[in-house]
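Summary of structural features
These are the residues of each chain, in order.
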2 protein chains.
Amino acid sequence: MDPKQFREAAQSAIDEIARYYETVADRRVLPSVAPGYLQALLPDAAPDEGEEWNKIQADIDRVIMPGLTHWQSPKFMAFFPCNSSFPAMLGDMYSGAFNAAAFNWICSPAVTELETIMMDWVAKMLNLPDCFLSKGEGGGIIQGTASEVVVTSVVAARERIIRRRLADMPEGEEKMDKASEMRGKLVALGSEHAHSSTQKAALIAGTRFRSVPAPREDGFRVTASALRQTIESLKAKGLEPFYFTITLGTTATCAVDDLEGIAELTKDYPDLWIHVDAAYAGSALVCPEYQHHCKPFAHFDSFNFNLHKWLLVNFDCSAFFIRKRRDLTDTYTLTPSYLRNEFTDKGLVTDYRDWQIPLGRRFRSLKVWFVLRSYGINGLRAFIRNHVQLGEYFHSLIASRPDLFTVVSGPAFGLTTFHVNPRRPGASRSESPSANGASSSATTTADKPNPQHEAYLNDFTADANAHWQADANQLTKEVYEHVNSQGEFFLTSTVVGGVYVIRVVSATPTAEEKYLKKVFESLVEAAAEKVAKGGKGKGD
Amino acid sequence: MDPKQFREAAQSAIDEIARYYETVADRRVLPSVAPGYLQALLPDAAPDEGEEWNKIQADIDRVIMPGLTHWQSPKFMAFFPCNSSFPAMLGDMYSGAFNAAAFNWICSPAVTELETIMMDWVAKMLNLPDCFLSKGEGGGIIQGTASEVVVTSVVAARERIIRRRLADMPEGEEKMDKASEMRGKLVALGSEHAHSSTQKAALIAGTRFRSVPAPREDGFRVTASALRQTIESLKAKGLEPFYFTITLGTTATCAVDDLEGIAELTKDYPDLWIHVDAAYAGSALVCPEYQHHCKPFAHFDSFNFNLHKWLLVNFDCSAFFIRKRRDLTDTYTLTPSYLRNEFTDKGLVTDYRDWQIPLGRRFRSLKVWFVLRSYGINGLRAFIRNHVQLGEYFHSLIASRPDLFTVVSGPAFGLTTFHVNPRRPGASRSESPSANGASSSATTTADKPNPQHEAYLNDFTADANAHWQADANQLTKEVYEHVNSQGEFFLTSTVVGGVYVIRVVSATPTAEEKYLKKVFESLVEAAAEKVAKGGKGKGD
């Protein structure tokens, strides 16, 4: 394919892509294919001779489209969003054009330098403490995902504490043995509701992992006292907590751990590396009303959020800020002879390969640059606030039917979690909540707790509560699976504090109230039907 | 930016990109900017309001272009190539459009299924043993880079040997302690000329690392006996070699370790995980004349090559094949409640997140599909063979001036390494090689060894040899830096067996003999000048 053919092919591709975005809201979000669908539609080997682009392009619609889950649909409300925007797509086009494995400054100065500047722009936009700007001892780097950032941090933290503890030992076999022994006692910590990435990172780094309790009565947050208690109990066993992922917006409920309280605690544990995982909710920090969260960060070692979740930058783009660059480079710098060059040798430049695990890296800062300039800071604030408001809207809908639903958390950063209420035992069918909310047994309003629920809890023992919860879990799971099986919307669920909840967060660029209203109606219909059927979630 | 604006902006971008490819050969390969150039050209913060696309696009040429190293230029002959092609760029455009964090099958069935099928196409195209096809116990996955693949393998290997050795111990504290103790004794191995990624992976995994000698007399290859010797000497010290990266095409010289001999050796070390790193040269395996290399792979655990180096797929795209999927999933599977779904639970699908370190992943198989179909297997073979021939051409040029140059390795997979010859001590200036090769002291032909060099070596002691080599190293370094400083071509250098060499490999899609001829002329001019000046590389 020469440049002329490329122009034609690309124009056709652009047209198809633009049409996709114009019509994605009309599609079912979830595909209806069964596992293995694609094998039947494709040859089992590559062709011997090249094919025309027209023929290849036609297959996108024929075989790929039916197998897509449409993350860019306004009806996608699962996990967290994975934003896409046109300026970011343009950025990736240029990144592909300027294709390089830019692991060193000399491999393409612009790739390194634009990244440093973009990370400074982002740090200022989020009002992060100055220590994370590149002019001091810290700085920012774009990595692929929050998971990779956590691995990068855990390994760096592991090596940092070993370096510190064994600083006075001479190099040699004995030191290596001591280091190995130490590694076996190191424990990485994360909230019980934190993303599984910390546990996976501990596995990769060959350390232990322990979760810190974050019960419902603490709002599913890690408090300073819970963290302290966990640390002390581990130390009492001869183990060494060396790392803690503090979460700003947990996957389950968007809870925010006690940032200020834990910042205070760092005085007592100077070797504990604290990493702020704000993978999703970090985007909200573009708005001043959330920036109070950032003040304690000056006490922590690293901070990360994914611009590719909720800030209009296409996957992948995870911004990783470090308070002291040396905490990374002291671990990751290896300069074999074929990577040496005068710029590296003179220490004049940033070689991002020494801040990360992989060697090569893409020109990801281009899409950040394009997005920040296309929307402007005010445009990004409006984007975030719109979704926060949509989250409040959805919450109000759920709260308006306390006969059917109990809110478990939120709205927080657009996310609400809730479960379905089983019928109260002994209540007659006529007392079951109906789809339109009419019920003779109780009057409810959107703002008051559910008297049925409260009365129910008061009347029974803890056993009955557990029984009711089990029923609620089963019922909620059925309602959730029913709504997803219709394929119109995509929701996800999770279990927090033993409670099975449905999660709803709607934060794609084309999200609107009308879609939330519609998914609410589907949930009401499914809930009312299943409660009426058996109420205990076990069917009749 | 709405779809209509996107159509216009994208058309303009496509045009600029096509023009870039039409004219890249006219550009200097290396930029002339100094470190920090970009800061002066950009504002120090993001704008408050959004800007028009025209204004943003204009800055690409103004501030980015001057800071690019042009990897797609036919004058880029450094490191290994980082191929780019139009079909791959189209693939990445659609990948961006269908933006998703496709960590599970349900996140977009097409993303998982096309990847499985593409890896089968690639395995068949390379004639890999059947064990690497998805229909059996093995399979393939696309990861970002060879470095990440090595980390993935080293950690999996570490956990595999620990699982095997401690299979009979009950779970608990004692087992964890024993596992930690074991980890401290584990040693990962790689050729002394292998890529630094194995050493970095060992660091990340918290194991030791030892390099296996691969001296010049063995052609810079690891032989079975050298590997066996290293393993046995480590075991004698109570250490446990658990992993070995065998290289097909080392970074330094494209040497190929003794694949067959080491395959034989696996019988004696059943717990040793052997990973084939063919990051660059693996692409040559599309040609049947190289496929004899693949036969021994059935004895190894994993195989990897980067389609983004030398197979026309834009960065990033590293194909990782595993002989037994369970060797990955037994280590990496963690399924927290928010990732559970019926397809995963029933074991019906591949969830690639359990074969890798990160969670989210892009739709990278699209560009593989487009490239394989656009070129066809025969087109890819022609592509490889053309570069192999260019490598032979350049080698013949270097070999035609044995007065100036000594070939150290190659041509191998397009790569030749060589050093510059210092003037023989005692030879008068009139006997120095001149740029046109005329010399009164010796007659030389392209195919015979350099009599001057031979005589020189025979006449002196080992001390003098070392002295000569030090001179050669210094001289070669000066010639190398001189050519690069001109910015017209980009070469790299390395040190093998104490010898400083210049590496030349020309494998971009637009590579041609005329560019190799020109860089050869630059090398001759620089070498003749510097040898004439002092001959010992120290100047006069």
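Residues numbered from 1 in each chain as written. Chains lettered and ligands numbered in written order. Predicted model: local features only at pLDDT ≥ 70, side-chain atom pairs only at ≥ 80, totals over all residues. Heavy atoms only, no water.

Turning to the packing of aromatic side chains, a few remarks are in order. Evaluation of the coordinates by the stated rule reveals 50 aromatic pairs over all chains. Measuring from centroid to centroid gives 6.2 Å for B:Phe242 and B:Tyr243, while their planes differ by 45°, and the two rings are tilted. The buried category is assigned to B:Phe242, whose relative accessible area is 0%. Every member of this aromatic cluster is reached through a ring pair, and the members are A:Phe6, A:Tyr94, A:Phe98, A:Trp369, A:Phe370, B:Tyr20, B:Tyr21, B:Trp53 and B:Phe86. Over the aromatic face of A:Phe80 sits the side chain of A:Arg503, whose NZ or CZ is 4.9 Å from the ring centroid. (Phe/Tyr/Trp six-rings, centres within 6.5 Å; stacked < 30°, edge-to-face > 60°. Buried < 20%, exposed > 50% of the residue type's maximum accessible area, 1.4 Å probe, protein only. Lys NZ or Arg CZ within 6 Å of the ring centre and 35° of its normal.)

Let us look at the interface of chain A and chain B. Contact residues are listed per partner, giving 140 residues for chain A and 140 residues for chain B. Around 12,300 Å² of area is buried between chain A and chain B when both sides are counted, 65% of it from carbon and sulfur atoms. Residue A:Arg373 is joined to B:Glu51 by a salt bridge in which the shortest nitrogen-to-oxygen separation is 2.5 Å. Where chain A packs against chain B, one counts 67 residue pairs in polar contact (both at pLDDT 80 or more). Considering each element in turn, the side of chain A that touches chain B owes the most residues, 16 residues, to helix H1 (residues 3-23) of chain A. (Contact = heavy atoms within 4.5 Å. Buried area = accessible area lost by both parts, 1.4 Å probe. Salt bridge = Lys/Arg side-chain N within 4 Å of Asp/Glu carboxyl O. Polar contact = N/O pair within 3.5 Å; in protein donor to acceptor, adjacent residues only side chain to side chain. Helix = DSSP H or I, 4+ residues; strand = E, 2+ residues; numbered from the N terminus.)

Moving on: the sheet that holds strand E3 (residues 208-212) of chain A. All names here are of chain A. Strand order in this open sheet of seven strands is E1-E7-E6-E5-E4-E2-E3, and the pairing throughout is mixed. Strands at the two margins of the open sheet, each flanked by one partner only, are strand E1 (139-143) and E3. Neighbouring strand axes in the sheet, compared pairwise and without regard to direction, differ in orientation by 20° on average. Here five bridges tie strand E4 (residues 240-247) to strand E5 (residues 273-277), and the two strands are oriented parallel to one another. In the strand pairing of E5, Phe244 is matched with Ile274. (Pairing = 2+ DSSP bridges. Axes fitted to C-alpha atoms, helices over the stretch in contact; angles between N-to-C directions.)

Residue and element names in this part refer to chain B. In space, the four strands of this open sheet follow the order E8-E9-E11-E10, with antiparallel pairing throughout. Strands at the two margins of the open sheet, each flanked by one partner only, are strand E8 (405-412) and strand E10 (492-496). Adjacent strand axes in the sheet meet at a mean angle of 30° when their direction is disregarded. Sheet analysis places strand E9 (residues 415-420) next to strand E11 (residues 499-505), joined by four bridges and oriented antiparallel. Its bridge partner being in E11, Thr416 is matched across the sheet by Val504. This element, helix H13 (residues 365-399), spans E8, E9 and E11 of the sheet and lies at about 165° to E8.

Residue and element names in this part refer to chain A. The contact between helix H3 (residues 86-97) and helix H13 (residues 365-399) brings their axes to 8 Å, and the two run at 150°. Accordingly, the angle class assigned to the pair H3 and H13 is roughly antiparallel. Once H3 is placed against H13, the crossing between them reads as right-handed. From H3, Pro87, Ala88, Leu90, Gly91, Asp92, Tyr94 and Ser95 reach across to H13, where they touch Leu366, Lys367, Phe370, Val371, Ser374 and Tyr375. Residue classes in the contact of H3 with H13 are distributed as eight nonpolar, three polar and two charged. (Parallel < 35°, antiparallel > 145°, perpendicular 65-115°, else oblique. Left-handed = near helix turned anticlockwise from the far one by under 90°. Nonpolar A, V, L, I, M, F, W, Y, C, P; charged D, E, K, R; others polar.)

Geometric values such as these leave the question of function open.
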